[in-house]
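Below are the chains, spelled out letter by letter.
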Amino acid sequence: MINELKNDEFVSLIENEYSNLAQQYLKFFNKSSLSASYLLNGPPGIGKKYLAKLFAKLLLCDSYQINCTCQFCININNETHSDVLHFDTDSNCDLNDANHRNHQSDGSRSIKICQIKRLNRISMLSPTIAKYKIFIINNLNLMTTEAANALLKTLEDAPKSTIFLLVANDINNVLDTVKSRCHIIEISPLNFQKIQTILSKKFEISDNDASDFAIVSRSRIDNANQLIDDQGNTDSINQIFFELEQILRAKTIYRINFAENLNAIYRSDPALFYLTMNYWEDWFRWHLYSINNINVAPSFFNKTNSFSFDDIVDNLKNIQKVREQLAFNVNSLVSLQVLLLSLKGLN
């Protein structure tokens, strides 16, 4: 595991890369024009939560700079600051709610109204030690409609000393009424070279290894950090590639059976399912780039010569089609069976 010192250094490295972006928005944090709520939108794993913490520091620390070691900034980094509160799918809900459950242990995959009731109650309290009370709500796009509607009134009526930093992976899944009450900030991934530099410095690995992890993580800093921090994640990726090659060589019955396994993953662990789809897409894209003599694949990628350009494009289209179908709650098993039967195989 990464020790605490390196984690602090890692945060500083990321903040340094996001500093220019944060400075661009300093004008929105001017006391005379401060908005009550900001929505940070961008792909998962790119560091939006780090950026939300950076914004919290800009709001609460009078002398903030990169590597600031004041107690306010240390507590914000550690998520122990009494006036910077975090909410996510596993957050506690309101103990006064009759339907109270421990969402930290029940495997919740959405932010529910009972959790927002607690947020609503706390948001009306004055800050304890800081100028503002800041709420960082992660995975806003996973909030139920009922919970989102409950949040609306708080966004409108919260005291001026309360600031909301909302974080979403897909703004299209956020209610329009919530978006209309927020200042929306679109966050793009750090570029490939910056990710490579951060990984090399943090983990003291070669540029080649850092490049591999940057590619596999799709230049998403959180994902790359997790991949390197746990060797088991790397082994899992290799297993995903191995299984895909098996599928592409397999007959109909094996593909149908594997579709059932994949459907079980989709039902029990959607994050793992979509991660698997991402790696399937990457595997096909690397072949596509290879055909066109573009070297953007990781060093461990083993190219096969059994695909035509059209086969690869068709496979990518079929994976995208399944994503779109699942977004509309179609029969997931049927969609996955059709996908696996339609994948153009290896000769």
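Check the entry above for the structure.
Description of the structure in this document. Fair warning: this is a prediction, and the values are worked out from it, not measured in the lab.

Quick look at a nonpolar patch on the surface
Turning to step 1, where the next piece is worked out: Together, Tyr289, Ile294 and Val296 give the surface a local cluster of nonpolar side chains, amounting to about 220 Å² of exposed area.
Turning to step 2, where the next piece is worked out: You can see Ile294 is positioned in the loop between α12 (270-291) and α13 (309-327).
Turning to step 3, where the next piece is worked out: Under the relative-accessibility criterion, Ile294 is labelled partly exposed at 43%.

Let's talk about the nonpolar core
Turning to step 1, where the next piece is worked out: The biggest cluster of nonpolar side chains holds 71 residues, and the ones touching the most others in it are Ile134, Leu199, Trp280, Phe284 and Leu339.
Turning to step 2, where the next piece is worked out: With nine residues, helix α2 (residues 48-60) is the largest single contributor of residues to this core.
Turning to step 3, where the next piece is worked out: Counting 23 residues, the second-largest nonpolar core is a separate cluster that includes Leu140, Ala147, Leu155 and Phe164.

As for the packing of aromatic side chains
Turning to step 1, where the next piece is worked out: Evaluation of the coordinates by the stated rule reveals twelve aromatic pairs.
Turning to step 2, where the next piece is worked out: For the ring pair Phe241 and Tyr279, a centre distance of 6.1 Å and an interplane angle of 80° mean the geometry is edge-to-face. Of this pair, Phe241 sits in helix α10 (residues 231-249) while Tyr279 sits in helix α12, and the two are 38 residues apart along the sequence.
Turning to step 3, where the next piece is worked out: The class for Phe241 is buried, based on a relative accessible area of 8%.
Turning to step 4, where the next piece is worked out: An aromatic cluster of three or more residues is present, and its members are Phe241, Tyr279, Trp286 and Phe301.

Thoughts on the packing of helix α11 (residues 252-268) against helix α14 (residues 332-342)
Turning to step 1, where the next piece is worked out: Running from amino to carboxyl end, α11 crosses α14 at an angle of 140°, the nearest separation of the two axes being 8 Å. By the criterion of interaxial angle, the relationship of α11 to α14 is oblique. Where α11 crosses over α14, the two elements pack in a sense that is right-handed. Counted together, Thr252, Arg255, Ile256, Phe258, Ala259, Glu260, Leu262, Asn263, Tyr266 and Arg267 of α11 and Ser332, Leu333, Leu336, Gln337, Leu340 and Leu341 of α14 form the full contact between these two elements.
Turning to step 2, where the next piece is worked out: Taken together, the residues of the contact of α11 with α14 sort by class into nine nonpolar, four polar and three charged.

Here we look at the pattern of salt bridges
Turning to step 1, where the next piece is worked out: One pass over the structure, following the stated rule, counts 13 salt bridges.
Turning to step 2, where the next piece is worked out: Lys133 is the partner of Asp83 in a salt bridge, and the nearest nitrogen-oxygen pair spans 3.2 Å. Of this pair, Asp83 sits in the loop between α3 (71-78) and β2 (84-87) while Lys133 sits in strand β3 (residues 133-137), and the two are 50 residues apart along the sequence.
Turning to step 3, where the next piece is worked out: Residues Glu245 and Arg249 are paired through a salt bridge, measuring 3.4 Å at the closest nitrogen-oxygen approach. Placement of both Glu245 and Arg249 in helix α10 is noted, with a separation of four residues, approximately one turn of the helix.
Turning to step 4, where the next piece is worked out: With relative accessibility at 21%, the residue Glu245 sits in the partly exposed group.
Turning to step 5, where the next piece is worked out: Given the relative accessible area of 51%, Arg249 is considered exposed.
Turning to step 6, where the next piece is worked out: The network of salt bridges with common partners includes Arg218, Glu281, Asp282, Arg285 and Arg323.

As for helix α4 (residues 113-123)
Turning to step 1, where the next piece is worked out: Those residues of α4 not exposed but buried are Cys114, Gln115, Ile116, Leu119, Asn120, Ile122 and Ser123.
Turning to step 2, where the next piece is worked out: Residues of α4 that are buried in the fold lie against β2, β3, α5 (145-157) and β4 (162-168).

Points about the sheet that holds β4
Strand pairing in a sheet relies on backbone hydrogen bonds, with the paired strands running either antiparallel or parallel.
Turning to step 1, where the next piece is worked out: As summarised here, the arrangement of the five strands in space is β2-β3-β4-β1-β5, forming an open sheet in which the pairing is parallel. The open sheet has two edge strands with one neighbour each: β2 and β5 (183-186). Ignoring strand direction, the axes of neighbouring strands in this sheet form an average angle of 20°.
Turning to step 2, where the next piece is worked out: Where β3 and β4 come together, five bridges link them in parallel fashion. In the sheet register, Ile136 faces β4, and the bridge partner there is Leu165.

Some remarks on the pairing of strand β1 (residues 37-41)
Turning to step 1, where the next piece is worked out: Counting buried residues along β1, five of its five residues qualify, which places the element largely inside the surrounding structure.
Turning to step 2, where the next piece is worked out: Burial along β1 is two-sided: the residues Ser37, Leu39 and Asn41 and Tyr38 and Leu40 are all buried.
Turning to step 3, where the next piece is worked out: Here β1 runs beside β4; their pairing, made up of five bridges, is parallel. The residue of β4 that forms the bridge with Leu40 is Val167.
Turning to step 4, where the next piece is worked out: By the bridge criterion, four bridges tie β1 to β5 in an arrangement that is parallel. Within the sheet, the bridge partner assigned to Leu39 lies in β5 and is Ile184.

Cut-offs used in this document
Residues numbered from 1 in each chain as written. Predicted model: local features only at pLDDT ≥ 70, side-chain atom pairs only at ≥ 80, totals over all residues. Heavy atoms only, no water. Patch = residues over 30% accessible without salt bridge, like charges linked within 9 Å, V, L, I, M, F, W, Y side chains within 5 Å. Areas by Shrake-Rupley, 256 points an atom, 1.4 Å probe, with all protein chains shown as cover. Salt bridge = Lys/Arg side-chain N within 4 Å of Asp/Glu carboxyl O. Helix = DSSP H or I, 4+ residues; strand = E, 2+ residues; numbered from the N terminus. Buried < 20%, exposed > 50% of the residue type's maximum accessible area, 1.4 Å probe, protein only. Core = buried A, V, L, I, M, F, W, Y, C linked by side-chain atoms within 4.5 Å. Phe/Tyr/Trp six-rings, centres within 6.5 Å; stacked < 30°, edge-to-face > 60°. Axes fitted to C-alpha atoms, helices over the stretch in contact; angles between N-to-C directions. Parallel < 35°, antiparallel > 145°, perpendicular 65-115°, else oblique. Left-handed = near helix turned anticlockwise from the far one by under 90°. Contact = heavy atoms within 4.5 Å. Nonpolar A, V, L, I, M, F, W, Y, C, P; charged D, E, K, R; others polar. Pairing = 2+ DSSP bridges.

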